[in-house]
Amino acid sequence: MTESNVGILALQGDVTENFMATMAALHDAGMDATVSQVKTPDQISKLDGLIIPGGESTMMGQLSMVNGAMNALKEIIDGGTPVFGICAGMILLSKNSTDRVMGSTEQPLLDILDVEIERNSFGRQKDSFQAEISLDPIGISSFQGVFIRAPAILTSGSNVEVLSKFNEKIIAVKQGNILATSFHPELTQDISLHKHFVEMIKESN
Ligand code: GLN
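The rules behind the values
Residues numbered from 1 in each chain as written. Predicted model: local features only at pLDDT ≥ 70, side-chain atom pairs only at ≥ 80, totals over all residues. Heavy atoms only, no water. Phe/Tyr/Trp six-rings, centres within 6.5 Å; stacked < 30°, edge-to-face > 60°. Helix = DSSP H or I, 4+ residues; strand = E, 2+ residues; numbered from the N terminus. Buried < 20%, exposed > 50% of the residue type's maximum accessible area, 1.4 Å probe, protein only. Contact = heavy atoms within 4.5 Å.

Let's talk about the packing of aromatic side chains
Next, step 1: Taken as a whole and judged by the stated rule, the model has 9 aromatic pairs.
Next, step 2: Ring centres 5.5 Å apart and planes at 65° place the aromatic pair F122 and F129 in the edge-to-face group.
Next, step 3: A centroid spacing of 5.9 Å and a plane angle of 50° characterise the contact between F143 and F183, whose relative ring orientation is tilted. Separated by 40 residues along the polypeptide, F143 in strand β9 (residues 140–147) and F183 in the loop between β13 (178–181) and α6 (192–204) bring together distant segments of the chain.
Next, step 4: Among the residues examined, F143 registers a relative accessible area of 1% and is labelled buried.

What about the environment of V198?
Next, step 1: Turning to its location among the elements, V198 is positioned in helix α6.
Next, step 2: The exposure class of V198 is buried, given its relative accessible area of 0%.
Next, step 3: Along the backbone, V198 and T22 are 176 residues apart, and their C-alpha atoms lie at a distance of 7.7 Å.
Next, step 4: With residues up to four places along the chain from it excluded, the contact list for V198 reads T22, A25, L26, A29 and M31.

Written as structure tokens, this is what we have:
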């Protein structure tokens, strides 16, 4: 098998933590892969797997429009490349998003993940918290969820598998080649979700 090329979208957000967690997960899975920070359409088009990190989804969407990354992202995701959207990354992947307080934000979205998102669903920065959650459908019975200005999924399409809920709100899903979480697995020492993602890359190769 040729070496996989895994990218972390590095327009904005917590790129380094995802880089480290992905390296550790690939090592654990015994996979031969390179991990790089990507920004340009050309870099994005060559990937076998991509993480869109947490950060600020409005900013990330606007930057992706400006440098042409938006179309490149759509193309690889539609083409079946595994992608892991974390927090702001999950928002960017979605078809529909509103803010809990501000309502419509008219932000650029990739319009692929068939969910309706509520941004800042658990409150603002001061309401950030950690909670033990589980993702039983993918064999993770306990995971420490780090929620920072976290979004939640209010409704999801029939093609979307719900992986986890917290306080009745959907916080992790899978739709074909897309994995998405409201919380930040890269901010814990537990690499099991990143490991699940690199296994998705392995299977798609
Ligand atoms: N609330 C942020 C947004 O809407 C996401 C927060 C995060 O990624 N930690 O973009």
